[in-house]
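# Observations on the three-dimensional arrangement
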Amino acid sequence: MKLHNVTYFIPKISMFRRRYIVLYSFTGILIFSAILNWTQHSNIIVVPDPVQHVQRQMCRGNKATKRDETELSRWPDKDECQSNRNIVYIKVHKAASSTMNQILLRYGLERNKIVALPKWWHYFDFSKHFHRNMALGYEHFRGKSELLINHARLHRPEMDAVVENAVYLASLRHPAAQLESTFGFFDLGSYLEKNGNQDPLEVFMSDPGYYSTQINFKDGSLRNQQIFDLGLDPEYFDDLCAVEWKIQSLSEELDLVLISEYLDESLVLMKYLLCLDFKDILYIHANVRSNKHRTALSKTTYDNIEKWNAADMLLYSHFNRTLWMRIAQFGEQFSTDLKTFKDLKANITNECIAYTDRNVDQRLWKIRLKHHATQFCKNMTRNTVPTIKSMRSEVISKYGTILDKVIDHVIVFGENIVKRWTT
């Protein structure tokens, strides 16, 4: 009888205090995670970016020179490409990067590539330049990794230490479209003080310097996000010479820069560079926002974004120009291959997709596969985030330190609490 009373009493207490227990537990997890994160990164030696050192020296009166022709001459002939290459992809925010992430992860998994994984979450720490110690299990792999595709700020020497002899890729988007996408995807308008039905991006661009202070944006830089992801620090954004030097250095560091507005054309070039088949570059767009989270930009706002993101505009213009110079080198064969690719993409979309759930209240459209969809269809629409998390857990179980394992358990436990609390 006594035992019965005890077992009855415990559930009553836990039900009464459930919310408080969950709240305090999650707060403790966050504090503990922050301490572990600091401990984990405290041994990272900040290595100065040699390119930015050059900028400091060379921008004292010397003007950067154009090297488009030199850049184009570096590519191998289409018939001399090498297959099964190691790849580093700089995942620039909101520049078709989720779609590219799907394509490249599929490329890696089909070839049993060793993927360099972040120690935390599904992205590396992009508040600072990449360092080899940010890679999970670097002490074990030491240059044996073959693919690095998650969010990280470019720092070529450190990335070379993790993935040796890699082809370097990145993607860019027109700065106005990129900022509009960032605003909608991260719902940044909710941070702003605005009246009535004012468009949040219009409000932001009326005084971006002031409104940037209202937005606690931890996912990068609201200004010149793309060149920031590619390694340029904000202190150089208004230094024209430094920006030009950075762009020219990127022309030498990156083997191909894809342009999201011309993604199909860019992918055909990637096919040539990496000796891929058409099936390797097929895709179905990932993370497509619903119309409710899109903004039609006025000409004034569009122009203001271009001015405010002048460094990104120079970056985008340069690589958009070199993309079309590269395409011109392949002549009529390129047009033929592009048409073939577009036809195959339309066929695979019809084969795989039953419909797209375009509920306006959703942040992202949801793709629904056909009932008897093939494994290839499932691979094409694979959500890369849980896949990366699963791969992290597997590597941690085999090669992780005690600290890595504790961090992983804390993350999983915290995510489960959030899911239960919000459902």
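Predicted model, so just to flag it, every value in this text is computed and none were measured. (Residues numbered from 1 in each chain as written. Predicted model: local features only at pLDDT ≥ 70, side-chain atom pairs only at ≥ 80, totals over all residues. Heavy atoms only, no water.)

### Quick notes on the pairing of strand β3 (residues 166-172)
Stated formally: Only protein chains enter the area calculation, which uses a 1.4 Å probe; residues under 20% of their type maximum are buried, those over 50% are exposed, and those in between are partly exposed. Secondary structure is summarised from DSSP: a helix means a run of H or I of at least four residues, a strand means a run of E of at least two, and numbering begins at the N terminus for each. Here the rule is simple: two strands pair whenever DSSP picks up at least two bridges between them.
Summarising burial for β3: 7 of the 7 residues are buried, a large majority. Neither face of β3 is exposed, since Ala166, Tyr168, Ala170 and Leu172 on one face and Val167, Leu169 and Ser171 on the opposite face are all buried. The sheet contact formed by strand β1 (residues 86-90) and β3 spans 5 bridges and is parallel. Within β3, the residue paired with Ile87 across the bridge is Val167.

### Things to note about the state of the cysteines
Selection criterion: Disulfides are defined as pairs of cysteine sulfur atoms found within 2.5 Å of each other.
Throughout the structure, instances matching the rule amount to 2 disulfides. The disulfide partner of Cys81 is Cys275, and the gap between their sulfur atoms is 1.7 Å. Residues Cys81 and Cys275 share a disulfide whose torsion about the S-S bond is about 100°; that sign makes it right-handed. One end of the pair, Cys81, is in the loop between α4 (68-73) and β1; the other, Cys275, is in the loop between α13 (263-274) and α14 (278-281), and 194 residues separate them in sequence. Here Cys352 engages in a disulfide with Cys377; their sulfurs sit 2.0 Å apart. Between Cys352 and Cys377 the disulfide shows an S-S torsion of about -75°. By sign, it is left-handed. In this pair, Cys352 sits in helix α17 (residues 331-352) while Cys377 sits in helix α18 (residues 375-380), placing the two residues 25 residues apart along the sequence. Here the two residues Cys352 and Cys377 agree in accessibility, since each one is buried. Cysteine pairing in the protein chain follows 1-2, 3-4, where each cysteine in a disulfide is numbered by its order in the sequence.

### Describing the sheet that holds strand β4 (residues 256-259)
Within a sheet, neighbouring strands are paired by backbone hydrogen bonds and run either parallel or antiparallel to one another. Stated formally: Whether two residues are in contact is decided by their heavy atoms, any of which lying within 4.5 Å being enough. Lines are fitted to the C-alpha atoms to define the axes, a helix being fitted only along its stretch in contact, and any angle between axes, read from their N-to-C directions, falls within 0 to 180 degrees.
Ordered by their spatial adjacency, 4 strands build an open sheet running β2-β1-β3-β4, and the pairing between neighbours is parallel. The sheet is open, and its two edges are formed by β2 (147-148) and β4, each paired on a single side. Lying on the sheet, α13 is in contact with β1, β3 and β4; it crosses β4 at an angle near 155°.

### Re helix α8 (residues 175-185)
Counting buried positions along α8 yields 10 of 11 residues, so the element is predominantly enclosed. Within the span of α8, buried status applies to Pro175, Ala176, Gln178, Leu179, Glu180, Ser181, Thr182, Phe183, Gly184 and Phe185. Where α8 ends, the next residue or the one after it, Asp187, has phi of about 50°, a positive value.

### Topic: the side chain of Gln214
By secondary structure assignment, the location of Gln214 is in the loop between α10 (208-211) and α11 (225-229). The class of Gln214 is buried, set by a relative accessible area of 18%. Once residues within four sequence positions are removed from consideration, Gln214 is found in contact with Tyr191, Leu192 and Glu193.

### Regarding the environment of Met205
Structurally, Met205 can be placed in helix α9 (residues 200-206). Accessibility expressed as a relative area gives 5% for Met205, which makes it buried. As for Met205 and Thr300, which are separated by 95 residues in sequence, their C-alpha atoms are 9.3 Å apart. Beyond its immediate stretch of four places on either side in the chain, Met205 contacts Leu179, Thr301, Asn304, Ile305 and Trp308.

### Here we look at the nonpolar core
Note the threshold: For this analysis, a nonpolar core means a set of buried residues of the types Ala, Val, Leu, Ile, Met, Phe, Trp, Tyr and Cys, connected via side-chain atoms within 4.5 Å.
Core analysis: the largest hydrophobic core is formed by 87 residues, its most contacted members being Met100, Leu169, Leu230, Leu267, Leu269 and Met270. Residues in contact with Met100, not counting those within four places in the same chain, are Tyr89, Leu258, Leu263, Leu267 and Met270.

### Notes on helix α12 (residues 240-253)
Where we set the bar: Each helix should span, by expectation, one fewer than its residue count multiplied by 1.5 Å.
Taking 1.5 Å of rise per residue, 14 residues should cover 20 Å, and α12 covers 20 Å from first to last C-alpha, within 8% of that figure. Among the 14 residues that make up α12, 12 are buried, leaving the element largely enclosed by the rest of the structure. By the burial criterion, the buried members of α12 are Cys241, Ala242, Val243, Glu244, Trp245, Lys246, Ile247, Gln248, Ser249, Leu250, Ser251 and Glu253.

### Brief notes about unusual backbone geometry
Positioned with a positive phi, Asn84 is a non-glycine residue whose angle comes to about 55°. Mapped onto the elements, Asn84 comes out in the loop between α4 and β1. Positioned with a positive phi, Asp187 is a non-glycine residue whose angle comes to about 50°. Looking at Asp187, the relative accessible area reads 42%, which means it is partly exposed.

### Re the packing of helix α5 (residues 97-110) against helix α19 (residues 384-399)
The line we're drawing: These descriptions rest on fixed angle ranges, namely under 35 degrees for roughly parallel, over 145 for roughly antiparallel, 65 to 115 for roughly perpendicular, and the rest for oblique. Handedness of a helix crossing follows the sense of rotation of the near helix relative to the far helix, less than a right angle counterclockwise being left-handed and clockwise being right-handed.
Between α5 and α19, the shortest axis-to-axis distance is 11 Å and the interhelical angle comes to 40°. Regarding the angle of α5 to α19, the classification is oblique. Considering only the axes of α5 and α19, their crossing is left-handed. Contacts from Asn101, Gln102, Leu105 and Leu109 of α5 reach α19 at Thr384, Thr387, Ile388 and Met391.

### Remarks on the packing of aromatic side chains
Here is the rule: A pair of aromatic rings is counted whenever rings of Phe, Tyr or Trp (Trp by its six-membered ring) have centres within 6.5 Å, and the orientation is called stacked for planes under 30 degrees apart, edge-to-face for over 60 and tilted otherwise. Over a ring means this: the NZ of a Lys or the CZ of an Arg is within 6 Å of the ring centre and within 35 degrees of the ring normal.
A complete count under the given rule lists 10 aromatic pairs for this structure. Taken together, a centroid distance of 5.6 Å and an interplanar angle of 75° make the contact between Phe204 and Trp308 edge-to-face. Within this pair, whereas Phe204 is found in helix α9, its partner Trp308 is found in helix α15 (residues 299-308), the two being separated by 104 residues in sequence. Ring-pair connections join several aromatic residues into one group, and the members of that group are Phe183, Phe204 and Trp308. Lying over the aromatic face of Phe185, Lys94 brings its terminal NZ or CZ to 3.6 Å of the ring centre. If you follow Lys271 out to its NZ or CZ, it ends over the ring of Phe278, 4.6 Å from the centre.

### Structural notes on the pairing of β4
Along a regular strand, successive side chains alternate from one face of the sheet to the other. Residues Leu256 and Leu258 point to one face of β4 and Val257 and Ile259 to the other, with burial holding for every one of them. In this sheet, β4 lies alongside β3 in parallel orientation, the contact comprising 4 bridges. Considered in β4, the bridge of Leu172 is made with Ile259.

### Structural notes on the confidence of the model for the protein chain
Going by this rule: Residue-level confidence of the predictor, termed pLDDT, takes values from 0 up to 100.
For the protein chain, the average pLDDT comes to 81, and 73% of its residues sit at 70 or higher. Below pLDDT 50 for its whole length, residues 38-42 participates in 6 contacts with residues either more than four positions away or in separate chains. Segment residues 60-65 is flagged for pLDDT under 50; beyond a separation of four residues in sequence, or across chains, it makes 8 contacts in the model.

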